[in-house]
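Residues per chain are reported as follows:
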Amino acid sequence: MSESDSQPRKPKRNDSPAPTRRQLLQSVGALGAAGLLGSSIGCSSADQGLAASTVRSASSKDSMFKNSSIFFGDFHNHTECGYARGSLERSFKIARSHLDFFASTPHGWWPDIGTYENNIERKWLNGFNVVNKQYPEVLRLVNRFNKPGKFVAMAGFEWHSTHCGDYHIIFPNTKVAEYTRSKTLKEFQKFAKSKGALLIPHHPANKIGHRGLDISKRDPEVSPVLEMFSEWGNAEHDRAPSPYVRHTEGSRWTQNTLQHFLKNGHRMGVVASTDDHLGFPGGYREGLAAIIADELTPEAILDALRNRRCYAVSGDRIKMKFHCNDRPMGQELDYTRKRKLEMSVEGWDQVDRVELLKNNRVIARNFPMDREPSAQCWNEPVIFRFEYGWGPWPALDMTRVCDWDFEIFFEGGKILEALPCFQSGPLEEKRLDEVVKQTATGVHIRSFTALRQQFEDISTKAMVMKLQASPETKVTIKTTLPTKVTMTKTFAELAESNDMFFSGDFPKESAMLHRLTFADHWRTNFTVDDTGDGKQDDWYYVRVVQANEQYAWSSPIWVNKR
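Residues numbered from 1 in each chain as written. Predicted model: local features only at pLDDT ≥ 70, side-chain atom pairs only at ≥ 80, totals over all residues. Heavy atoms only, no water.

1. Some details on empty space enclosed by the protein
Applying the stated criterion across every chain yields a total of two cavities of 30 Å³ or more. Volume-wise, the largest cavity comes out at about 70 Å³. For the largest cavity, the lining is made up of 13 residues, of which Tyr 284, Gly 315, Arg 317, Pro 420 and Cys 421 are closest to its centre. At three residues, the largest contribution of residues to the lining of the largest cavity is made by strand E21 (residues 414-421). The residue inventory of the lining of the largest cavity, partitioned by class, reads eight nonpolar, three polar and two charged. (1 Å grid on protein atoms, 1.4 Å probe; cavity = no way out; pocket = protein on both sides within 12 Å on 5 of 7 lines; lining within 4 Å. Points joined across faces, edges and corners; volume = space filled by probe spheres on them. Helix = DSSP H or I, 4+ residues; strand = E, 2+ residues; numbered from the N terminus. Nonpolar A, V, L, I, M, F, W, Y, C, P; charged D, E, K, R; others polar.)

Have a look at this one:
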């Protein structure tokens, strides 16, 4: 690639807003709750796991996707309004392009900040002064971008504490949103209640005294949920995947993990969000919150959080419902000896396993990935993923930005749903990952990749689609940038093997057409019958593990002791 290839393209003037994610889905006839989500699949021997005799496949009448929708968004993201990077307006545009909701949460205050090596505390203190000046602009952009039913924008800010842990506030509307510098957590909690706002504790697993959550000071009324996953890592337990490795405060303390909190009687729902510092809401693999609600409004979102009808995903937007005796995740049940636990999961890759945990121990597993697809597999939607990026190994000292411009179109197939998997890095203010156009038979993407500022040392981005297709369906990838390449494959070929192409000789960037994923592998419904003796409170939650190492965790359901 020449030096000129790494320069930003001059953006074309476009005064009309880009379509939101929900508008894109509606434009291609994405399946609704009574369609794909209401379907069921049979369970083979691969579904057997712990407590196998109690595991049953759910029939279509048992579907739990009929009466509500699942919305995905980011409650925790940072920009140059504060001490992070990336412009405010760019962050809102990115959020609207691929999320259902977004809360802008600049770094707001740190009452017990210390004096540190090289006077690094100045970074934070200067950032807080920026927020103080620019918070009216945050509110202006929230009002501009908030379009209930299409895209919800919300206001908030973050409050640090060395000894109590970090929280971010989410306001119900801009009329009550106010930037303030609370001196204590109690003062901040009182402020939030007066505004009808919620406080979400995040990266809880640091040790107390090192910005870890002091759970004894949490007020459940104003903090009903915990941000258990973000770019910091995974706080489910101290040996869970995605350890804390990206920040200065060390790794995970057993006593500040979700499972330890639950074991000690704390009742909280879970969400994830990015905590991204490059102004990119919804950065892939950094965490997203999933909200189960009847409508896409700020009021419905906050109601779902208060009632813990929410869950956490790491990257892929895994759809999940979880009920116990017909009560949804997040709820508390009076003692009952018999418990019918129902789980419905839809992934965006092969689902390796779905695990049901009781009191932090797995009591049942379901293994969709091990099923042998039947001859009827083509009657159900299939998943196609196109991934692009890679590039020169950093040790070669050839770090560069690679621009991509490509089309994916299908002959004999129909796109039912499409999702971009764009990550936050690299930060390029004048470049935007963009779904230029989407129809029922194709997409046009402009994007860029680089081996810098990437998350978890992964430089690739992707586009993933669910399609109604057949073995004869043909997919054609046509790139104009970084070089002209055309590749056509049949779905019969992609059912057997992936394929890839290169934009030039080593060490140029490359792209891959992944092997297809069939519904037998990306979707499962099943039930588990369990009992309890009532001697203690019991709690249940669901963990989903995809083959591509993307995860989902439900909020728990509690059954009270006698």
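2. Here's the deal with the sheet that holds strand E28 (residues 510-513)
The sheet built from five strands is open, its strands ordered E21-E24-E19-E28-E27 with antiparallel pairing. At either end of the open sheet lies a strand with only one pairing partner, and these are E21 and strand E27 (499-502). Strand-to-strand twist across the sheet, computed as the mean angle between neighbouring axes with direction ignored, equals 15 degrees. (Pairing = 2+ DSSP bridges. Axes fitted to C-alpha atoms, helices over the stretch in contact; angles between N-to-C directions.)

3. Thoughts on a nonpolar patch on the surface
A cluster of nonpolar side chains, contributed by Trp 393, Leu 396, Met 398 and Phe 506, occupies part of the molecular surface with about 490 Å² of accessible area. With respect to the element layout, Phe 506 can be found in the loop between E27 and E28. When its relative accessible area of 74% is taken as the criterion, Phe 506 is described as exposed. (Patch = residues over 30% accessible without salt bridge, like charges linked within 9 Å, V, L, I, M, F, W, Y side chains within 5 Å. Areas by Shrake-Rupley, 256 points an atom, 1.4 Å probe, with all protein chains shown as cover. Salt bridge = Lys/Arg side-chain N within 4 Å of Asp/Glu carboxyl O. Buried < 20%, exposed > 50% of the residue type's maximum accessible area, 1.4 Å probe, protein only.)

4. Structural notes on the sheet that holds strand E20 (residues 401-411)
The five strands lie next to each other as E22-E23-E20-E25-E26, forming an open sheet whose pairing is antiparallel. The outermost strands of the open sheet, each flanked by one partner alone, are strand E22 (434-438) and strand E26 (485-490). Going across the sheet, the axis of each strand differs from the next one's by a mean of 20 degrees, ignoring polarity. Here E20 runs beside strand E25 (residues 474-481); their pairing, made up of seven bridges, is antiparallel. Bridge pairing in E25 links Ile 408 to Ile 477.

5. Thoughts on the pattern of salt bridges
Across all of its chains, the model carries 31 salt bridges by this definition. Across the salt bridge formed by Asp 219 and Lys 193, the nearest N and O atoms sit 2.5 Å from each other. One end of the pair, Asp 219, is in the loop between strand E7 (198-202) and strand E8 (225-230); the other, Lys 193, is in helix H4 (residues 185-195), with 26 residues separating them in the sequence. Of the charged contacts, one joins Glu 355 and Arg 365 as a salt bridge, the two residues approaching to 2.7 Å between their closest N and O atoms.

6. Some thoughts on the layout of surface pockets
Considering only enclosed or pocket space, the second largest pocket measures out at about 690 Å³ in volume. Residue lining of the second largest pocket: 30 residues in total, with Trp 124, Arg 211, Trp 232, His 247 and Thr 248 positioned closest to the centre.

7. Notes on the side chain of Glu 236
Relative to the assigned elements, Glu 236 resides in the loop between strand E9 (233-234) and helix H5 (258-263). Side-chain polar atoms of Glu 236 contact the side chain of Arg 543, separated by 2.7 Å. Apart from the residues within four sequence positions on either side, Glu 236 is in contact with Met 228, Thr 257, Leu 258, Gln 259, Tyr 541, Arg 543 and Trp 553. (Polar contact = N/O pair within 3.5 Å; in protein donor to acceptor, adjacent residues only side chain to side chain. Contact = heavy atoms within 4.5 Å.)

8. Digging into the pairing of E25
For E25 and E26, the ladder comprises six bridges, and the chain directions are antiparallel. In the strand pairing of E26, Lys 478 is matched with Thr 486. Hairpin geometry of E25 and E26 is characterised by an intervening segment of three residues between the two adjacent antiparallel strands.

9. Remarks on the environment of Lys 437
Along the polypeptide, Lys 437 turns up in strand E22. Accessibility expressed as a relative area gives 54% for Lys 437, which makes it exposed. Each C-alpha atom of the pair Lys 437 and Glu 407 lies 9.2 Å from the other, and the pair is 30 residues apart in sequence. Those residues within four positions of Lys 437 in sequence are excluded, and the remaining contacts are Gly 442, Val 443 and His 444.

10. Some thoughts on the packing of helix H2 (residues 88-98) against helix H3 (residues 121-145)
Orientation of H2 relative to H3, taken along the N-to-C sense of each, is 25 degrees, at an axis distance of 10 Å. One finds that H2 runs roughly parallel with respect to H3. In this structure, H2 crosses over H3, and the sense of that crossing is right-handed. On H3, the residues that touch Leu 88, Glu 89, Phe 92, Lys 93 and Arg 96 of H2 are Gln 134, Glu 137, Val 138, Leu 141, Val 142, Arg 144 and Phe 145. Split into classes, the residues belonging to the contact of H2 with H3 amount to six nonpolar, one polar and five charged. (Parallel < 35°, antiparallel > 145°, perpendicular 65-115°, else oblique. Left-handed = near helix turned anticlockwise from the far one by under 90°.)

11. Structural notes on the pairing of strand E23 (residues 442-450)
The buried count for E23 comes to nine of nine residues, which makes it a mostly enclosed element. Burial along E23 is two-sided: Gly 442, His 444, Arg 446, Phe 448 and Ala 450 and Val 443, Ile 445, Ser 447 and Thr 449, pointing in opposite directions, are all buried. In terms of strand pairing, E20 meets E23 through nine bridges, oriented antiparallel. Bridge pairing links Phe 409 to Gly 442 in E23. Taken together, the four bridges between E22 and E23 define a ladder with antiparallel strand orientation.

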